[in-house]
Amino acid sequence: MSDLQLRPAQAKILEYENGRLAISAVPGSGKTFTLSLLAAKLIGNGRIDPNQQQILIVTYLNASVDNFKVRIRQRLEAEELPPVGFDVRTLHSLALEIVRTANSGLGDENGPLVLDEGQGNHFLARAVDGWIEAHPGEWSQFLTDDSPQTRARWRDVTQKMAKAFIRAAKNERYKPEQVLERLEIGDWRLDDQDDNLQSPINQSPLLWMMGGIYGRYQTILDRQGSLDFDDLIWQAVALLDQRAGLAEEMRQRWPYVLEDEAQDSVPLQEALISRLMGPDGNWVRVGDPNQAITSTFTAAHPRFFNAFADRPDVLSLPLPNSGRCAPLILGAANTLLHWVMDKHPVPEVQTNTFRRQNIEPTPPGDAQPNPPDSEAAIRIRVYKHREDEELPQVADLAVRYTQKRPEHTVAILVPTNNLGYQMAEHLDGLDADYDNLLRGGTREREIAAAMHAVLTVLADPLDTKAITAAHASLHALGHPVALLPDEELAQFHTLLRSVHQPEWLLYPHDDDQVAQALPAGVATETQSQVAARFGAFLRELLALRPLPIDDLALALGDELFAWGDVHEGDLAIAYQIATLMRRWRDSQPDWRLPELVAELGNIVSGRRSLPLSSPTDFGYEPVPGRVTLTTQHSAKGLEWDAVFMIGVDGTWVPSNLDAYFMGVSDILGGDPTAEVVAQLRYLMEGDAGIYNGRSATESAHIDIIAERLRLLYVGITRARRYLQLSRSRATRSYNKERDAEPATVMGVLYRYLQNTER
């Protein structure tokens, strides 16, 4: 590889030949490039027999799989070697391959049916609703009042608790019957006895509820013959432990494992690769614990990678150089890191947030030189009011930046989706050219609502309320078959609801019969024309009813969104909804159109989430001259010339444990998700897994502060040349004005800027 100009740290890593290696890589250090070079070097140096063995690279996104394959193939071709001897897999694909290999010859060549996140959430919702229906008194005992709003909120909290509880149980490999046996409540299976079980007096009623929901959820999966993602990894680990010769067979096939993004490792994942490699295997783990930003909603935590890197049998090497950002911006990230580790007011935040590792500029003559400070700037802005000043002014600044520097990429990073939706409205008002990478936006629900309204008519064509709702949805979309002057809309909908024989509207013998379907002497000529046009449109769609649900929904998506000047993103969302409905049909073979429409209705009403993929899942690349709107979480792995981070205040980055924490339910006076997970660990292990001397809620709040600081670090290191951090002194929530506390860390960064300007 003498043709490559390697940094000293990269050259040191490429000296690796065998054993355990941990690589702590800073943002923008080229870890994918380095890992690809290492794989090609191991192949080229004869560390494996490429005709029989492979270097295994484990990553997380399909887009990363393709990226690694291209890079390794190119490197081997540059060395005039055949492009063989490597295998790149997602963790899901790896576990599935282990299960299939173990079951080969046993009549199950295709492997198990593995649920995606949307299907898993669907089954979890059924388990939660089933338990509540069987135990209404026990569930409602936690309510402070019996209002519909409180009940709905407690239902959402219950599902959130259950998801975290089940995830924690499976990562520690606790089966439902083990948990419920510890609770001494008898048979965990979903049968008639379950409805008669009583909560043990000596046990936590929350823990009893979670154990019951876990049992119901697992029973649903068992009856469907399905595994969720944690089950799949668990099964692969168990097979490597129990099936004689399986681990050795896999080691012969994959003598080396190179693991990417190891900072997001969960216990099951680490157990899987550890079993795969054995005590003396060759295992390289690459990650940046300072960019670990999933610990508050997954079982991942940077302490797992840090513990691996600090083991005496592991060689730990840094990858410290980054050519992404100007030194001014790198200095801001390093300042943040050292202040947190040395001076943060919460001791546990000091010791559990960052690994002490500076981001260093690239050396002179490097192929990726840092942008010079002469082209860089950092601005910290404080606005009087978020909704009235910060959002519109930042939107305007970002758009003007693209106009002034059309060759640059620009991003607005928001802390939450809800704040992002508000920002999108301002960008729309400016007619901005931008990519919206937010999940679960109002537009997605509008599209789901339109599809639901029309599918409801297809499920019951004679329901005049459904026909009226379908027209209202199409009119809101601006669809040409439903266009009507706004002043005539209310009267027209009254006419549609008054139709006594809707078949005359949908299946008329002639135009006169359409007119006769409407109340006599009331409809205007325009309304009669719209009724005929709309009825003909529905009639064409009714002919599609025999199609399978995904084909029906795809065709409906084309009819609703593939016309005129409709944004192509609308059609993509419609296609994803079609795929989602097919998954529901696959998981519920007895469901027909009415049941599928009802489930889509749960999404439209907000009772269920809409699990759509983000463009970042498919290798999104920012486009010069366009604004990217996304969350801080989704920004990881991306970079822009200019980054505007909004809402960096004390609500988003709490300064201490007495601060307000977003998303914490006040129904139980603490963080119920943290409480049930801690109770589970204490029940099973006698150790709640919390910080010494802290409650479960306090421990969860410590992790929230740490993750938000890492998110700030990630956001800062997305900017190559220009970075703006902003907050507001006041904001509006539920039509109420409230003051917004400053984040202490903003003062630290402000002082850094003052020192650099001297």
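Residues numbered from 1 in each chain as written. Predicted model: local features only at pLDDT ≥ 70, side-chain atom pairs only at ≥ 80, totals over all residues. Heavy atoms only, no water.

1. Considerations on the overall build of the chain
Okay, so step 1: Looking only at helices and strands, the chain has 29 helices and 15 strands in total.
Okay, so step 2: Its C-alpha radius of gyration of 28 Å places the chain within 12% of the 27 Å reference for a compact globule of 758 residues.
Okay, so step 3: For the chain, the residues scored as buried account for 55% of the 758 residues in total.
Okay, so step 4: For the chain, contacts bridging at least 24 residues in sequence account for 77% of all contacts bridging at least 6.
Okay, so step 5: In the structure as shown, the chain presents an accessible area of about 32800 Å², 48% of it carried by carbon and sulfur atoms.
Okay, so step 6: The centroid of the 74 positive side-chain charges in the chain is displaced by 5 Å from the centroid of its 104 negative side-chain charges. (Helix = DSSP H or I, 4+ residues; strand = E, 2+ residues; numbered from the N terminus. Rg over C-alpha atoms; globule rule 2.2 N^0.38 Å. Buried < 20%, exposed > 50% of the residue type's maximum accessible area, 1.4 Å probe, protein only. Contact = heavy atoms within 4.5 Å. Areas by Shrake-Rupley, 256 points an atom, 1.4 Å probe, with all protein chains shown as cover. Lys, Arg positive; Asp, Glu negative; His and termini not counted. Charge placed at Lys NZ, Arg CZ, Asp CG, Glu CD.)

2. Focus on the sheet that holds strand β3 (residues 86–90)
Okay, so step 1: Taken in spatial order, the six strands of this open sheet run β3-β2-β6-β7-β1-β8, and their pairing is parallel. Where the open sheet ends on each side, the last strands, each with one partner, are β3 and β8 (314–319). Strand after strand, the sheet turns through a mean of 15 degrees between neighbouring axes, direction not considered.
Okay, so step 2: Note that strand β1 (residues 20–25) and strand β7 (residues 282–287) share five bridges and pair parallel. Across the sheet, the residue bridging to Ala22 is Arg285, located in β7.
Okay, so step 3: On top of the sheet, helix α4 (residues 91–103) reaches β2 (55–59) and β3; it is set at about 105 degrees to β3, its chief contact. (Pairing = 2+ DSSP bridges. Axes fitted to C-alpha atoms, helices over the stretch in contact; angles between N-to-C directions.)

3. Let's talk about α4
Okay, so step 1: Taking 1.5 Å of rise per residue, 13 residues should cover 18 Å, and α4 covers 18 Å from first to last C-alpha, within 8% of that figure.
Okay, so step 2: Among the 13 residues in α4, 10 count as buried, and that is most of the element.
Okay, so step 3: Taken together, the buried positions of α4 are occupied by Leu91, Leu94, Ala95, Leu96, Glu97, Ile98, Val99, Thr101, Ala102 and Asn103.
Okay, so step 4: Looking at the buried positions of α4, the neighbouring elements they touch are β2, β3, β4 (113–114), α10 (229–242), α11 (246–253) and α12 (267–277). (Expected span 1.5 Å × (residues − 1).)

4. Some points on the packing of aromatic side chains
Okay, so step 1: Under the defined criterion, the tally for this structure stands at nine aromatic pairs.
Okay, so step 2: Ring geometry for Tyr16 and Tyr256: centres 6.3 Å apart, planes at 80 degrees, overall edge-to-face. Here the residue Tyr16 occupies a position in the loop between α1 (8–13) and β1, and Tyr256 occupies one in strand β6 (residues 256–259), the gap between them amounting to 240 residues.
Okay, so step 3: Following the ring pairs from residue to residue traces out a cluster consisting of Trp139, Phe142 and Trp154.
Okay, so step 4: In this arrangement the basic side chain of Arg285 is found over the ring face of Phe308, its NZ or CZ atom lying 4.8 Å from the centre.
Okay, so step 5: Directly above the aromatic system of Trp652 lies the positively charged group of Arg708, at a separation of 3.9 Å from the ring centroid. (Phe/Tyr/Trp six-rings, centres within 6.5 Å; stacked < 30°, edge-to-face > 60°. Lys NZ or Arg CZ within 6 Å of the ring centre and 35° of its normal.)

5. Describing the nonpolar core
Okay, so step 1: Grouped together as the largest cluster of nonpolar side chains are 75 residues, with contacts concentrated most on Met209, Leu272 and Leu276.
Okay, so step 2: Setting aside its immediate chain neighbours within four residues, Leu272 contacts Leu91, Leu94, Ala95, Ile98, Ile233, Ala236, Val237 and Leu240. (Core = buried A, V, L, I, M, F, W, Y, C linked by side-chain atoms within 4.5 Å.)

6. Side note on the environment of Thr219
Okay, so step 1: Its place among the elements puts Thr219 in helix α9 (residues 205–224).
Okay, so step 2: On the accessibility criterion, Thr219 (2% relative accessible area) is buried.
Okay, so step 3: Spatially, the C-alpha atoms of Thr219 and Gln149 are 30 Å apart, while their sequence positions differ by 70 residues.

7. Brief notes about the pattern of salt bridges
Okay, so step 1: Using the criterion set out here, one finds 34 salt bridges in the structure.
Okay, so step 2: Arg324 is paired through a salt bridge with Glu639; the nearest N and O atoms lie 2.9 Å apart. With a gap of 315 residues between them, Arg324 in the loop between β8 and α14 (327–343) and Glu639 in the loop between β12 (627–631) and β13 (640–645) connect regions that are remote in the sequence.
Okay, so step 3: With a closest N to O distance of 2.9 Å, Arg400 and Asp396 form a salt bridge. Highlighted residues: Arg400 and Asp396, both in helix α16 (residues 386–404), separated by four residues, approximately one helical turn.
Okay, so step 4: The class for Asp396 is partly exposed, based on a relative accessible area of 30%. (Salt bridge = Lys/Arg side-chain N within 4 Å of Asp/Glu carboxyl O.)

8. Some thoughts on the side chain of Thr101
Okay, so step 1: Its location among the elements puts Thr101 in helix α4.
Okay, so step 2: Only 2.8 Å separates the side chain of Thr101 from the backbone oxygen of Glu97, close enough to count as a polar contact.
Okay, so step 3: Not counting residues up to four positions away in its chain, the partners in contact with Thr101 are Leu246, Glu249, Met250 and Arg253. (Polar contact = N/O pair within 3.5 Å; in protein donor to acceptor, adjacent residues only side chain to side chain.)

9. Some points on the environment of Arg126
Okay, so step 1: Relative to the assigned elements, Arg126 resides in helix α5 (residues 117–134).
Okay, so step 2: Residue Arg126 is classed as partly exposed on the basis of its relative accessible area of 32%.
Okay, so step 3: With residues near it in sequence (within four places) discarded, Arg126 still touches Ile220, Gln224 and Gln588.

10. Points about the side chain of Gln357
Okay, so step 1: Within the secondary structure, Gln357 sits in the loop between α15 (347–352) and β9 (377–385).
Okay, so step 2: For Gln357, a relative accessible area of 11% corresponds to the buried category.
Okay, so step 3: Engagement of the side chain of Gln357 in a polar contact is seen with the side chain of Ser24, the distance being 2.9 Å.
Okay, so step 4: Setting aside anything within four residues of it in sequence, one finds Gln357 in contact with Ser24, Ala25, Val26, Asn290, Pro318, Leu319, Pro320 and Leu337.

11. So, the packing of helix α7 (residues 148–171) against α9
Okay, so step 1: Where α7 contacts α9, the two axes come as close as 9 Å, and the packing angle between them is 75 degrees. By the angle class used here, α7 and α9 are roughly perpendicular. Where α7 approaches α9, its residues Trp154, Thr158, Met161, Ala162, Phe165, Ile166, Ala169 and Lys170 are matched on the opposing element by Leu206, Leu207, Met209, Met210, Gly211, Ile213, Tyr214, Tyr217, Gln218 and Leu221.
Okay, so step 2: A breakdown of the residues in the contact of α7 with α9 according to their chemical character gives 14 nonpolar, three polar and one charged. (Parallel < 35°, antiparallel > 145°, perpendicular 65-115°, else oblique. Nonpolar A, V, L, I, M, F, W, Y, C, P; charged D, E, K, R; others polar.)

12. Examining the pairing of β7
Okay, so step 1: Counting buried positions along β7 yields six of six residues, so the element is predominantly enclosed.
Okay, so step 2: Side chains of β7 alternate between two faces, with Asn282, Val284 and Val286 and Trp283, Arg285 and Gly287 buried alike.
Okay, so step 3: For β6 and β7, the ladder comprises four bridges, and the chain directions are parallel. If you follow Val257 over to β7, its bridge partner there is Trp283.
Okay, so step 4: Read from β6 through α12 to β7, the crossover connection turns out right-handed. (Right-handed = clockwise from strand over helix to strand, strands pointing away.)

13. As for helix α26 (residues 593–604)
Okay, so step 1: Counted at 1.5 Å a residue, the expected span for α26 with its 12 residues is 16 Å, and the 16 Å between its end C-alpha atoms agrees.
Okay, so step 2: Those residues of α26 that fall on the buried side of the exposure criterion are Leu593, Leu596, Val597, Glu599, Leu600, Gly601, Asn602 and Ile603.

14. Examining the packing of α10 against α12
Okay, so step 1: The N-to-C vectors of α10 and α12 enclose an angle of 30 degrees; their axes lie 9 Å apart at closest approach. Comparing their axes, α12 and α10 come out roughly parallel. Considering how the two elements wind past one another, α10 and α12 form a crossing that is left-handed. Along the contact surface, α10 presents Asp230, Ile233, Trp234, Ala236, Val237, Leu240 and Asp241, while α12 presents Leu268, Gln269, Ala271, Leu272, Arg275 and Leu276.
Okay, so step 2: The class makeup of the residues in the contact of α10 with α12 is nine nonpolar, one polar and three charged. (Left-handed = near helix turned anticlockwise from the far one by under 90°.)

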